[in-house]
Amino acid sequence: ETGVTQSPTHLIKTRGQQVTLRCSSQSGHNTVSWYQQALGQGPQFIFQYYREEENGRGNFPPRFSGLQFPNYSSELNVNALELDDSALYLCASSLGQGATETQYFGPGTRLLVL
Amino acid sequence: GESVGLHLPTLSVQEGDNSIINCAYSNSASDYFIWYKQESGKGPQFIIDIRSNMDKRQGQRVTVLLNKTVKHLSLQIAATQPGDSAVYFCAEIPNYGQNFVFGPGTRLSVLP
């Protein structure tokens, strides 16, 4: 186990609702990255937070937003949910924002949008 | 855009045999590559990494080979065990980016 935890494990929402997913990073890690993994595909980068600031963003619309707290835990918020948002949401923590810092993943939150 | 892909979506091997999982990448400027293993219901687990200034790196029962000429990455697993059954992803860091670009994955099934 990596020490990265995520909550909840599973979630069911309806189209148009809002959702907040949570991630606690591994002890000593100050960087959290969020990924969306659709069924049967590889994870797609959403954004990264380093020391409470957004530090890079993938090709996701503004209704995907996030926060990082002083203890380096993080939240992913998705507004106006769409059916295609159904996926496994993964967070990964790392020691720093460097390009070659290994990212350690949590078990993910599986979101189903009906 | 840049992408990372795999030659084989599924691979079945006999227990005890060696496994080779292949990956093609398209960004010749990528600096860093990682292999992850993802078991059902779990997040990806780091296996091994390699930097672009190397062509081979060995870990415990695993070896990663990097061929920059043809932009090809492979993961070799020696003496494959039932616990190796999972989906394997290669990922690259496009030059000095901070996010990994993952391929679609290869499912490895170990037959008894």
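Everything quoted here is computed from the prediction, not taken from an experiment.

A. Just the environment of B:F46, in detail. Position of B:F46 among the secondary structure elements: in strand β5 (residues 45-51). Apart from the residues within four sequence positions on either side, B:F46 is in contact with A:T102, B:I34, B:W35 and B:Y36.

B. Highlighting the sheet that holds strand β7 (residues 64-68) of chain A. All names here are of chain A. If you walk across this open sheet you meet the 4 strands as β1-β3-β8-β7, and the pairing is antiparallel. Edge positions in the sheet fall to β1 (5-7) and β7, since each has one partner strand and no second. Across the sheet, the mean angle separating the axes of adjacent strands is 20° when strand polarity is ignored. Two strands pair when backbone bridges link them, and β7 and strand β8 (residues 74-78) are joined in this way by 5 bridges, in the antiparallel orientation. For G66, the partnering residue across the bridge sits in β8 and is L76.

C. Fine view of the state of the cysteines. Going through the model one piece at a time under the given rule, you end up with 2 disulfides over all chains. Disulfide partner of A:C23: A:C91, at an S-S distance of 1.9 Å. Across the S-S bond linking A:C23 and A:C91, the dihedral sits near 70°, which makes this disulfide right-handed. Placement of A:C23 in strand β3 (residues 19-24) and of A:C91 in strand β9 (residues 87-94) is noted, with a sequence separation of 68 residues between them. We note that A:C23, like A:C91, is buried. Across the disulfide from B:C23 sits B:C90; the S-S distance is 1.8 Å.

What counts and what doesn't
- Residues numbered from 1 in each chain as written.
- Chains lettered and ligands numbered in written order.
- Predicted model: local features only at pLDDT ≥ 70, side-chain atom pairs only at ≥ 80, totals over all residues.
- Heavy atoms only, no water.
- Helix = DSSP H or I, 4+ residues; strand = E, 2+ residues; numbered from the N terminus.
- Contact = heavy atoms within 4.5 Å.
- Pairing = 2+ DSSP bridges.
- Axes fitted to C-alpha atoms, helices over the stretch in contact; angles between N-to-C directions.
- Disulfide = S-S within 2.5 Å.
- Buried < 20%, exposed > 50% of the residue type's maximum accessible area, 1.4 Å probe, protein only.

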